[in-house]
Structures are given as structure tokens and as C-alpha cells.
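# Understanding the architecture of this molecule
This is what each chain is made of:
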Amino acid sequence: MSSDRRGPRAAWRAVPSGLLATPALAWIALFFVAPVGLVFWYSLGRKPGLYQTHANDVLTLDRYREALGDTFLTSFAGTLRIGLAGTALCLAIGLPFAYWLAVKVRPHRRFVVLALVLVPFWTNFLIRTIGWQVVLSPEGFASRAMQSLGLIDTPFSMLFTRGAVLLGVVYNYLPMMILPLYVALDRVDGSLREASKDLGANRWRTALQVTLPLARPGIAAGLLLVFIPLMGDYVTAAVLGGARGNMVGQLVASQFQQAQNWALGSAMAVVLIVVIALTILATAAVGAACTWLLTHRRRRELAGIAEGSPA
Amino acid sequence: MSSSATRHAVTSARRAGAGDGTGSVELRSVRKSFGGVTVVQDLDLSVNPGEFLSLLGPSGCGKTTTLRMLAGFEQPDSGEVLISGAAVQHLPPHKRDVNTVFQSYALFPHMTVAANIAYGLRQRRGIDRAEIRSRVSEALDMVQMTRFADRKPNRLSGGQQQRVALARALVNRPSVLLLDEPLAALDRKLREDMQVELKLLQSRLGTTFVFVTHDQEEALSMSDRVAVMLNGRIEQIADPYTVYERPATAFVAGFIGQQNFFDGTVADGGRTIEIDGGTVLLAEPVTTPGSGAAAVRVAVRPEAVAVAEAAPDESDGSANALPGTVAAVSLLGDVLQYVVHADAGHELLARVPRRQAGRLAEGARVRCSWAPSDVHVFPAEATPRAPIGSAK
Amino acid sequence: MNHHDHTPRLLAPAARVAGLPRRTFLAGLAAAASVPLLAACGGSKGSGGSGSAAAELRAYSWSAYDDPKVLADFAAKYGPKVLVDSYSSNEEMIAKLAAAKGTSGYDIVIPTGVFVPQMAANGLLQELDHAKLPNLANLDKAFQNQEWDQGNKYTVTKYWGTTGFVYDTRVVKRDLKTWDDFFDAAQKEASGKTSLVDDPGEICAMLCFARGWHQSTTDKAQLDQIETFLVDTLARHIAAFDSSPGSSAIPQGTHALMHCWNGDARRGILASGDQDRWKWVLPGPKTNLWMDNWAIVKGSANADAAHELINYVLDPAVAVKQVDFVGYGSGVTGSEEEAKKLKLGLIDMIFPSAEQLTTMYTGVINEGQERRMAIVNKMKAKAGA
Ligand SMILES: Nc1ncnc2c1ncn2[C@@H]1O[C@H](COP(=O)(O)OP(=O)(O)OP(=O)(O)O)[C@@H](O)[C@H]1O
Ligand SMILES: [Mg+2]
């Protein structure tokens, strides 16, 4: 429990700690900071003509004004809805699964189960999504099977509905949720769960009061790993949701791919990055506030014992 | 461990334990195996209300498993578990009126010390906030951890964590407290202090303690009774004095304290035993199954062996005596310990009070002797001395 | 057949065609990894080989725009393997060539006609050597000497096509003939089962065709009306923006009413289990006409082989295979007769009647492009909301 009181080993003291991070920092600089910086730079420019994508001869914030129009806000609202619903659904499905895997499955079988979880990743992401399109279409497998079972008498189409979008999202992103959750839950010492039960908590209360709070970093990682890529993904939603799967990422991509307006596309990308970051911060703040409020009274009832003051 | 808070805790626990078997523990023909390997077999055990019982035995003998069946973390394959007179083998842990102090303490790292201690009370209905606060405060006071109420467990020392674990369990006023080697992680001095504190606490609270240890001194010094386990069975269950003085089996004899063992055969109608280089005289004749020269094992405690200087050529051949040479001398506080190489090949251990005799030098010729009443005889097929016991 | 007599004027009406993705961007993604479409053994060169030394030709094209068998035969006969990368809009292709400044590594591109003058003016295209294209004589006069490339200095027509819609006769049980019929059905029987081509120019042009406006209008009032109609009226009935319903939506019966190009529609109907279920309409009063063209990239190291390939596909026997594969006309003289002889399926969809041809005209590239993009993005946001 009191594991990290040891100081760093002497050998490591000789290495300036900054040196160890150099490869990672270089990587981040090259593949993250530089591209984002470039996008930011483009966003301050304009599209000078039909055949040029961007120019920075005049610096202006006009692209941001264009980007923040109705279209962007409507698309973003739709995207946020899919992003939040998809992430929540992944959590709702992934959490019990990861819990089961980390707690109930025998250690030597976990590897097999994890491998099965990753099966979808063995094929290209677009191909497996299009695969769902085939399954869900009116002439597809799901409809035929239900017809032959007599459940329905006319072909049904789940394709191009919000349900299909969420199905595709869960299918493509669930492993991203399960893996960090599994790792986090696996790291929660089993004797803590036993201690909780020993002290009178049933398994739900144990999960809520001990296991989940301790797995919080994994839950946060899972939420971010699903939510962030999902907010930028417009392929899954477009393939299965059609017009219902309109995502703001498509808007950005269309500026680059079709309109060849890199300036406006970059401004949209920057706005998107900022808005997603703000959404995450807001969610985290709301989460922290809720936790604080929920535990506030409990903390108060134990406050001041150390000073020996009465309640 | 003072204050009115402690007294309050004492009285309420006593109240809980009053009459009617509350606080009793019973195991009836309990068996448990893991993947075909039997770990606990046909275990019968009965603990009285308010008793301090130790489960003592070598590593892997099934102590923790037995304790976990009491707590409810393991289900026995067969047999019954009774707590306060009621069968509980099908109840989950959170419905049993027992609490556990885990060997690793298992404190919740995301909660403060006070919140850890309050945890059990918060799971129950009908305890209001003021009472939780006062009981947590009492429990902290009891283990002298009030100052640390707001700390997280990872900023406490091992001994402090151990106290918190104890307070967290006792604050619930369970009828039975289960402790799985709670002191094993502490250094020797702290462990000895805690042994005393724990024993005092137990006798004040009157709570039944089932205490698992593989440290025989700890078991002997703290317990009302000791159950010595081997290979999933109880070899002997008795008060510490009896276990020490009259071990039921050679294993118990060897595991508790130290012994000089001799292998020999019964002679003279059960009154003597012939060993290499001598004869052991018995206080009471032994009866051996069957006829003829039955093989037996003889045990004599080191402190029962008297060491006297002898002339180099002396070899009287008298009973209960072996000539030899001092191979090593060591001072263990108040006693001197001699390792004597007997001429017949045995290695004898003898402990004599330091004041009683002059100190013999290494290489001195000696004669080791003991009284017939100090001799214990066991069937020869009994298990050899357990390594843990002899290491002490 | 006799439409060729009329086409010269029809195909060269002053203008330029807006960029038209032939397939969705998604399909482009799937094929994106620069798949060597073709890896036929470049064994012994055929007798007719003019002896170009190139081992491979790199084409940058609309995806699935060549019959793999044709490319394989070419490689077998002349040597060079043809590697194809795909793009989903002319703008994308031009941006890439312009950025590479002659180092793109591509030998061949397939620009839509109206983009050719700008590409030529920006030095992206290489002049053709007609001496190396004896088969150019096979190209119908109607497809030569277009306004955007007088004297076929830079390009040779590869395909031409038009825009219409397909509907499911089980769902829409009446005869649809015009764009107004399309809008009506989309809001009634086919509501929520209608798809549009994922192309701003095509989507905005629909109302123009119906109202008699120029399909590439820059008139603000007209564009405002287009926006109001698309965003407020049509958007909520649209199920998908799919440039290639022929590849899956028609065979799988996903939608009931699909805005699409003739070649794609033909391919979808041919692949459908029940061809009679689907009806193709070239809607009135007006509709689109476009031409995509072979061109050689300035700086190509394999210009000889590129000429060889262009010359090869101008052979009527080869052209008809290409036509059958994509479902668009090739402009090679006699390819329609050849197609009829071979009894290709749904020939009428490849070769519209002369009467139909009179209703088609090309769009232009102009400053309205950005507005059209904004309108369609707004429509998509509305459809997804
Ligand atoms: N969950 C389990 N699965 C399989 N075998 C187990 C399990 N738990 C315990 N055992 C085995 O049962 C035997 C008894 O274990 P137990 O933990 O009860 O021993 P112990 O007496 O507490 O030993 P120690 O003093 O080392 O703690 C050991 O051989 C152990 O390997
Ligand atoms: Mg143990």
C-alpha cells in the first residue's frame, strides 16, 4: 500500500530526467504540435482563388466567423449528441463487461476473451462498417432472417437510422472502452472488494464505493478514447446513418476534399478542437462537482475528528 | 488505550456477547478443496464466546482458507459453519456478523483513515450521522490514531495501517473478529508491542478473536487456546500450556518450541526405550499396539536437559544420560544454550539458566541428562520436525 | 444511335462541367491504398507494341473507372502495368498536381472537360502527340474538338454521361418523369428513402433544371431559393448522400428514390436480383451532361506508354468493354453498334436517345461553387439534426 516511498535508484539519478522524455517530446513536436500549428496558421489565411487551397498573404479571423455559422453549430449539436450517446452506450456495455472480465473470468481465460474483443480490429475499419451496412439493409441478412422467422412480413431497414449509427459506433469503439477499463479494474486489489463485503457492503455497493472509484482513471481514459475519435469520425456515422449520420467532421473534410478551401477547413478544425476540449473540461467539471456534492455531507460528518473538535 | 470511549466500546461488546452463544464459532466436518487438492479436511472446531483462539500451523496448512470460510469468502464443499449458533455457510460475507483484519490490511486507498473506519457503519441502516461520527472518533481513539484521521492510508506506516485496519473492523462491534496474520508485516519490536495491545483490547472488549498466525510464540503468548493445524487438519487444540507441555503429536511437539528428538524402540515392557548410545527411562510405561519392539520417537525439551562437566573417560551408560562434547555455546538473554555432539551421534540442544551453572567452553566434555517426567513418546511414523518450528 | 448527328452542338455549349465525383468519397477511402488494380504479367510484348520501355503507368483517376481486364490485356500486350489511385473530385486532383509541381509521379489523369483550360494554363498537362494516337480517328467527331480543348491539344474524351434518378416501382407506383416529380415523390412515398448524389453542384442543379435556371447559376436570388428549398423543404426527407447507389443501395434495396449518374444506375440495376423493380428516369425539362477525358500529366516520364494506353482504348473492341464496365458512353465511333451486337444489358441507359440528348447541357465553373458547397453543408446539417 505504501509502495512509493523509495527514492529513485541512484543509477537513474545520474540521467537528467528530461533526457528520457526526449524521444517522446520529439515525436509529439513532429506529429502533433507541428501539424496543429500548421492548421492554426492556415486558419488565419484565406482561399485566394478557385485553384488554390490557401494563402496567408493577409491574416484574418474571417474564416472563424464563417466557420461558426449555423451549419457548423447544427452539425456540431448532432455530432455531440451522437458522441455523447455513443460514449455513454460504450460505457454502459463496456463497464459490466470489463468488470466481468477482470473480476470473474479466470486469469488464464482472460487472454482469450480479450482477443475476441479485438476481433473486429482484425479487419479494416471501413470494411467492417460497410459489412454492417450489408447486414442491416432491407435485402440484408438481418431483415431476411427476421422475415423467415415470421417476425416481420415486410423488409425492414435499420440502415440510415440513429439506431444504426449507435450500433456502428458501439461496434467500432467498444474495444477502446473495454481495454482501459479492464486494465484499471484488474489493478484494483481483490482484497479491497473482500474488505468491503466483509464490512457489510453488498456487491453493488462494493462496486459503487470501492471498485469504480478506484477504476476512475481507467474510466476517464476509456471515455476519452471513445469520445475524442468519435467526435472526429464521420465515416461510421455516414455509412450506417446516411443523412442521419451527419457529423461535423464531414463538414471539415468537405472543405478540404471538395471545396479545396483549406483556410476555412482549418478554421473549422481549430474550432472543433477547442469545442471538444471545452466539452471534455465541462463534463469533467460537472462530474467533479457532482462527486463533491454527493460526498460533501459524508465528509462533513467526519470533518475535524483529527483536531478533536465535536461534530 | 484508555478513555471513556474505550470503556463504552467494552461495555457494548460485552452486551453483545452476553449469554446465548453470541460470539461462538463452530466448524463441523468442514471440507474444502481447490481443483481436486484437499486443503481443509474434516475440520471440527469450536470457539467459545469471548475466547481468543489462535490457528497455528506451517505455511500452506489451510489457516487462511479456514478463516475465509468463516468470513464467507469461500464456501465449504461440505460441513457446516456456525456463528453465534446459526448456520451461515450459505450466507455471503456482508450478511455475517464477523469482521476481518486482513494480512495486507486492505485499506481503501481512496478514503481517509476516518472514512475507512466509517465504511462499515455506513453500510448499515439505522445509524445516524452523529453516531457514526462518535463511533469513528471512539475507534480512532482506541487505536490512538485520532491525529491521523484525515490522512490517506498510503501516507501511514505499516503499524499505523495495521491499527486502522483493526479499528475499521472493531468499530462494527462484530461478535467475532477474524485476524489473518495481522502482525506479520511489522518489525519485531512493533509486533511485540502490538501483541500486548491486541491482547489487552480483546480482553477488554470481550469479542471472540480467531487469530491466524504461523508464529508459535505469538500464538502461545496471546491465546486462550491454540489450534495447531497441519495439512488441513487440527492436530491439537488446547490451552497454550497444555500444547507446550503435553503436545499431542510429534509434529506439535516439534512445531511448538524446540525439541530433542530421538528415534528408538520400546523395551522392558514399555518402561524404557532403547536409543543409539543409551536408554531412555520413562515416568509412565507406554503401551504400543501389537507386540515386539515397536519403533517410537522420543522428545525432550532443551530446557529439560541438564548439562554437567564430565571426565574425559567417563561413560557410565546410565539411563536418561548421554555423554558428548560441547560444539557451540550461545547466550540467549537469561539462558545459555549449548549444542552438544553426543558420542552416539545425536546433536542435542540444552538450555540452562545463566546463573545456575558456570559457563562451559566449546570442546568441553559433558554429560547431558534429563528426568523421566520430561520425556514425551510418540509413534515413529509421526511427521518429522517441521522446519518452521525448529527455526525458532 | 443517330444522336451522334446532333451531339457536336450539344456537347460544346460554351461551358464547362462542374466537378463530379463518380463515386463517393467513402468508396475512394476503401480503395485509397493505391491498389495496383492490375498486375498482369508484363511478359512478352505484343507484336503491335511500339516498344516503350516503361514498366508501369501511374494513373490518377475516378475509382473503378476502368475495366481491370482491359488494363490487364494492355499490360500483356504492351508491357506497362497500370497502377491506379483514385480521387473523388476534380479539385482534389488538381490541388494535388498543383502542389506536386510536376513531381506527383502520375502519368495520366482524367479531368472533367471544363477543368481542362485551367489545368493547361497552369502547366499541369502535357500536349498530346497525335502521331502516337492513330486511333484518335475512331473517336466520333462529335466528341472531338470541344470548346474547352480545341484541336484535342491536351485531352481525348474517355466517357460522357448524364444525371437522373432511379426509383423502386414497389414503393413509387406512378410514373415519374421530371425533376418536379422527383421532388414530389421524395416528399411523399419516398420520404426518408431518398438519396442524393454527394455533390454540391449536382444537388443544387436539380432545382435549376426544374425551374429553367442555368444549372451553375450565380444569381443570388436563385441561390437563395435553392437554399430555402433544399434546407427547409427537401432535407428532412433525405436518407443519405450517396454518389454511388449502384454499388450497394440498388442491389440491396436500401432506398426507394435515388439521384444518380446513368452508368452507376445501370450497374446497380444489372446487379439487382429483380431488374424490373427499378426504373431509370432521365428527368425533364433539362438535365446534366458531362465528359471526362484522358490527359497526360506534365512531367510524366512515361509519356510514350501513356499515349499507347490512350490509343489502345480508342480501339472500338476495347472501348466497348470499358463501356460495358462503367456504363457510360465512350464516344468511339461504332461503340453503340458494337454494344448492341454484343447485347449488353440496358443499352438505353448508356446511350440516351437523340431526343433526350437535346435536354442535356453542361455546367460551368464559377464563383457560385463556394455558395453551393455552403448550401449543401447546411442541408446536410439539417438532414442530420
Ligand atoms: N484459491 C485457491 N486456489 C487454489 N489453491 C488454493 C487457493 N487458496 C489456497 N489454496 C491452496 O490451499 C492451501 C492452503 O492455503 P492457505 O492460504 O489456507 O494456507 P495458510 O495456512 O494460510 O498458509 P500461509 O501461512 O502461507 O498463509 C495452499 O496449498 C494453497 O496453495
Ligand atoms: Mg495464510
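Everything here concerns the structure above.
Everything numeric in this text was worked out from a predicted model, so none of it was measured. Along each chain, numbering runs from 1 in the same order as the chain's sequence is written. Going through the entries in the order they are written, you letter the chains from A and number the ligands from 1. Whole-chain, interface and lining totals are the exception, using all residues; otherwise, since this is a predicted model, local features are given only for residues with pLDDT of at least 70 and side-chain atom pairs are given and counted only at 80 or more. With hydrogens and water stripped out, all remaining heavy atoms of the structure feed into the side-chain values.

## Overview of the overall build of chain A
Strands here are runs of E lasting at least two residues and helices are runs of H or I lasting at least four, both read from the DSSP assignment and numbered beginning at the N terminus. Of regular secondary structure, chain A possesses 15 helices and zero strands. At 25 Å, chain A has a C-alpha radius of gyration far larger than the 19 Å of a compact globule built from 311 residues. Taking the principal axes of its C-alpha atoms as reference, chain A extends roughly 75 × 65 × 45 Å. Categorising residues by exposure relies on relative accessible area from a 1.4 Å probe, with only protein chains included: less than 20% of the type maximum marks a residue as buried, more than 50% marks it as exposed, and the intermediate range marks it as partly exposed. The burial tally for chain A puts 42% of its 311 residues in the buried class. Partitioning the contacts of chain A with sequence separation of at least 6, the portion at a separation of at least 24 is 66%. In this description the radius of gyration comes from C-alpha coordinates, and the expected globular size is given by 2.2 Å times residues to the power 0.38. Contacts are assigned to residue pairs with any non-hydrogen atoms lying within 4.5 Å of each other.

## A few points about the overall build of chain C
Helix and strand content of chain C: 15 helices and eleven strands. Considering only contacts in chain C between residues 6 or more positions apart, those separated by 24 or more positions represent 79%. To measure how exposed things are, a 1.4 Å probe is used in the Shrake-Rupley method; for residues, cover is taken only from the protein chains shown. Surface accessibility of chain C: about 13,500 Å² in total, with carbon and sulfur atoms responsible for 52%.

## Brief notes about the packing of aromatic side chains
Residue and element names in this part refer to chain C. Two rings belonging to Phe, Tyr or Trp (six-membered ring only in the last case) form a pair when the distance between their centres is within 6.5 Å. Interplanar angles under 30 degrees mark stacking, angles over 60 mark edge-to-face geometry, and anything in between is tilted. Under the defined criterion, the tally for this structure stands at 31 aromatic pairs over all chains. Taken together, a centroid distance of 5.5 Å and an interplanar angle of 50° make the contact between Phe-74 and Tyr-312 tilted. Of this pair, Phe-74 sits in helix H3 (residues 68–78) while Tyr-312 sits in helix H10 (residues 303–313), and the two are 238 residues apart along the sequence. Each member of the pair, Phe-74 as well as Tyr-312, carries the same accessibility label: buried. With a centroid separation of 5.0 Å and 70° between ring planes, the pair formed by Trp-290 and Tyr-328 is classed as edge-to-face. You can see Trp-290 sitting in strand E10 (residues 287–297) and its partner Tyr-328 sitting in the loop between helix H11 (316–326) and helix H12 (335–341), a full 38 residues away along the chain.

## So, the interface of chain A and chain B
Taken residue by residue, the interface counts 33 residues in chain A and 41 residues in chain B. Accessible-area loss on putting two parts together, using a 1.4 Å probe and summing over both, is the definition of buried area adopted here. For the pairing of chain A and chain B, the buried interface totals around 3,100 Å² over both sides, and the portion due to carbon and sulfur atoms is 55%. Salt-bridge detection follows one rule: a side-chain nitrogen of Lys or Arg within 4 Å of a carboxyl oxygen of Asp or Glu. Where chain A meets chain B, there are three salt bridges. With a closest N to O distance of 2.7 Å, Arg-68 of chain B and Glu-194 of chain A form a salt bridge. Think of a polar contact as two N or O atoms within 3.5 Å of one another; within protein, one of them needs to be a possible hydrogen donor and the other a possible acceptor, and neighboring residues in sequence only count if both atoms come from side chains. Across the contact surface, chain A and chain B share twelve residue pairs in polar contact (both at pLDDT 80 or more). At the level of secondary structure, the elements contributing two or more residues to the side of chain A that touches chain B comprise helix H10 (190–198), helix H11 (203–214) and helix H15 (262–302) of chain A.

## What about the pairing of strand E19 (residues 365–369) of chain B?
Residue and element names in this part refer to chain B. Pairing between strand E15 (residues 306–309) and E19: four bridges, direction antiparallel. Along E19, the bridge assignment pairs Glu-309 with Val-366. Pairing between strands is defined by DSSP: at least two bridges between the two strands are required. Both strand E16 (residues 321–332) and E19 contribute to a ladder of five bridges, which runs antiparallel. Each bridged residue has a counterpart across the sheet, and for Gly-324 the counterpart in E19 is Val-366.

## A word on the interface of chain A and chain C
The partner chain C presents 40 residues to the 36 residues of chain A that form the contact. Between chain A and chain C, roughly 3,000 Å² of surface is buried when both sides are summed, and carbon and sulfur atoms account for 59% of that area. Connecting chain A to chain C are eleven residue pairs in polar contact (both at pLDDT 80 or more). The set of elements that each furnish at least two residues to the side of chain A that touches chain C consists of helix H5 (70–104), helix H7 (125–136), helix H13 (235–241) and helix H14 (248–257) of chain A. Residues that form the side of chain A that touches chain C fall into these classes: 14 nonpolar, 16 polar and six charged. Only Asp, Glu, Lys and Arg are considered charged in this grouping, and only Ala, Val, Leu, Ile, Met, Phe, Trp, Tyr, Cys and Pro are considered nonpolar; every other residue, Gly among them, is considered polar.

## Some details on the site of ligand 1
Residues and elements named next belong to chain B. Being near a molecule or strand, for a residue, means having at least one of its heavy atoms within 4 Å of it. The full set of residues close to ligand 1 is Phe-34, Val-39, Ser-59, Gly-60, Cys-61, Gly-62, Lys-63, Thr-64, Thr-65, Glu-181 and His-214. Lys-63 places a side-chain nitrogen or oxygen 2.7 Å from an oxygen atom of ligand 1. Protein contact buries 57% of the 630 Å² of open area that ligand 1 shows by itself. A total of three residues in the shell around ligand 1 trace back to one element, the largest contributor, which is helix H2 (residues 63–71). For the shell around ligand 1, the class distribution of residues is three nonpolar, six polar and two charged.

## Some words on the sheet that holds strand E13 (residues 278–281) of chain B
Residue and element names in this part refer to chain B. Across the sheet, which stays open at both edges, the five strands sit in the order E13-E12-E11-E14-E20 with antiparallel pairing between neighbours. Looking at which strands have only one partner, the edges of the open sheet turn out to be E13 and strand E20 (375–379). Here the average twist between neighbouring strands, direction ignored, is 40°. Looking at chain direction, strand E11 (residues 260–267) and strand E14 (residues 295–300) are connected through six bridges and run antiparallel. Its bridge partner being in E14, Gly-264 is matched across the sheet by Val-296. Note on geometry: axes are lines fitted to C-alpha atoms, helical ones only across the stretch in contact, with angles between N-to-C directions running from 0 to 180 degrees.

## Focus on the nonpolar core
Only buried Ala, Val, Leu, Ile, Met, Phe, Trp, Tyr and Cys residues count toward a nonpolar core, and they belong to the same one when joined by side-chain atoms within 4.5 Å. Counting residues in hydrophobic clusters, the biggest one holds 78 residues, and the most contacted among them are Ile-117, Val-136 and Val-210 of chain B. Broken down by element, the residue count for this core peaks at seven residues, all from helix H3 (residues 113–122) of chain B. Filtering out sequence-adjacent residues up to four positions away, Ile-117 of chain B remains in contact with Val-136, Ala-139, Leu-140, Val-164, Ala-167, Arg-168 and Val-171 of chain B. With 73 residues, the next largest nonpolar core counts Tyr-78, Val-109, Trp-294 and Ile-365 of chain C among its residues.

## Considerations on a nonpolar patch on the surface
Residues and elements named next belong to chain A. Taken together, the side chains of Leu-25, Trp-27, Ile-28, Leu-30, Phe-31, Phe-32, Val-33, Val-36 and Ile-273 define a hydrophobic patch exposed on the protein surface, amounting to about 940 Å² of accessible area. No other element matches helix H3 (residues 22–43), which puts eight residues into the nonpolar patch. Position of Val-33 among the secondary structure elements: in helix H3. The class for Val-33 is partly exposed, based on a relative accessible area of 47%. Surface patches are defined over residues having more than 30% relative accessible area and no salt bridge, joining like charges when they lie within 9 Å and nonpolar side chains (Val, Leu, Ile, Met, Phe, Trp, Tyr) when within 5 Å.

## Describing the environment of Ile-226 of chain C
Residue and element names in this part refer to chain C. Along the chain, Ile-226 turns up in helix H8 (residues 220–234). Through-space distance from the C-alpha of Ile-226 to that of Leu-57 is 43 Å; in sequence the pair is 169 residues apart. Leave out the neighbours within four places in its chain, and Ile-226 touches Cys-204, Leu-207, Cys-208, Trp-213, Thr-217 and Ile-375.

## Notes on the pattern of salt bridges
Going through the model one piece at a time under the given rule, you end up with 43 salt bridges over all chains. Between Glu-26 of chain B and Arg-28 of chain B there is a salt bridge, with its nearest N and O atoms 3.1 Å apart. A network of salt bridges, in which partner residues are shared, links Lys-220, Asp-224, Glu-227, Arg-371 and Lys-378 of chain C.

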